[in-house]
Amino acid sequence: MEARVAADTAAEIEAIKVVKARYCRYLDTKDAAGWRGLFADDLVVELDMAPATGGADPMTAPPIVGADGFVSSVLETLADATTVHHVHTPEIELTSELTATGIWAMEDRLVYPGGRSLLGAGHYHETYEKVDGDWKIKTQHLTRLWVELTGDWSGAKLSD
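Note that the structure is a prediction, hence the values are computed from the model and not measured.

1. Considering the overall build of the protein
From N to C terminus, the protein includes three helices and six strands. From first element to last, N terminus to C terminus, the protein shows the α and β order α-α-β-β-α-β-β-β-β. In the protein, buried positions account for 38% of the 160 residues. Sequence-distant contacts in the protein: of pairs separated by 6 or more residues, those separated by 24 or more amount to 61%. Of the accessible surface of the protein, which amounts to about 8300 Å², a share of 56% is contributed by carbon and sulfur atoms.

2. Observations regarding the environment of Leu-75
Along the polypeptide, Leu-75 turns up in helix H3 (residues 67–77). Residue class for Leu-75 comes out buried when judged on its relative accessible area of 15%. Each residue touching Leu-75, except ones within four places of it in the same chain, is listed here: Leu-27, Lys-30, Ala-32 and Trp-35.

3. Let's talk about the sheet that holds strand E5 (residues 117–131)
Spatial ordering of the open sheet is given by E2-E1-E6-E5-E4-E3, a layout of six strands whose pairing is mixed. Edge positions in the open sheet fall to strand E2 (64–65) and strand E3 (82–94), since each of these has one partner strand only. As paired strands, strand E1 (residues 39–47) and strand E6 (residues 134–150) are joined by five bridges and run parallel to one another. Of the residues in E6, the one forming a bridge with Glu-46 is His-141. In this fold H3 packs onto E1, E2 and E6, with an angle of close to 55° to the strand it touches most, E1.

4. Regarding the pairing of E6
Looking at chain direction, E5 and E6 are connected through 15 bridges and run antiparallel. When the sheet's bridge partners are listed, Leu-119 is paired in E6 with Glu-148. Hairpin remark: E5 followed by E6, antiparallel, with two residues in the connecting loop; positive phi at Asp-132, about 50°.

5. Considerations on the nonpolar core
In terms of nonpolar packing, the biggest core is built from 35 residues, with Tyr-23, Trp-35, Phe-39 and Phe-70 touching the most fellow members. Counting residues per element, the ones that place at least two in this core are helix H1 (2–28), E1, H3, E3, strand E4 (99–111), E5 and E6. Here this core takes seven residues from H1, the largest share from any one element. Look past the residues within four positions of Phe-39 in its chain and what remains in contact with it is Tyr-23, Ala-67, Phe-70, Val-71, Lys-136 and Ile-137.

Definitions and cut-offs
Residues numbered from 1 in each chain as written. Predicted model: local features only at pLDDT ≥ 70, side-chain atom pairs only at ≥ 80, totals over all residues. Heavy atoms only, no water. Helix = DSSP H or I, 4+ residues; strand = E, 2+ residues; numbered from the N terminus. Buried < 20%, exposed > 50% of the residue type's maximum accessible area, 1.4 Å probe, protein only. Contact = heavy atoms within 4.5 Å. Areas by Shrake-Rupley, 256 points an atom, 1.4 Å probe, with all protein chains shown as cover. Pairing = 2+ DSSP bridges. Axes fitted to C-alpha atoms, helices over the stretch in contact; angles between N-to-C directions. Core = buried A, V, L, I, M, F, W, Y, C linked by side-chain atoms within 4.5 Å.

If you want it as structure tokens, here you go:
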């Protein structure tokens, strides 16, 4: 019985890893429908664009509520950019049969026409819920440890 529970747990964690892998691929390939399908309808996203090294929470934008608005806003912001998102070293914990938490180390690179670019690293802190048999990202809090900007970012909207 314990082996089956461990196998079931491993399968659920692997399914969440696939969701996050698709998050990166769909975002970088601008697959709006695929990317939208990864989120719970009532998604809440917090983006901390200022680097922090523990302690203070440098939230620089109000939370974004709702998957439709989040997806359209991010894809509009990144429409002209070539992006590369990588996630690593997941720490995933099932909190019930239908919920889980996860922390992912992340690195992203955004390159815009005209020489503007962002290279950053940090963590995605997420919660997940299982909806109709599929894992969805329920909440996401992006924290940054490091950001390198090149080019003119005055007036630019930073989000991903």
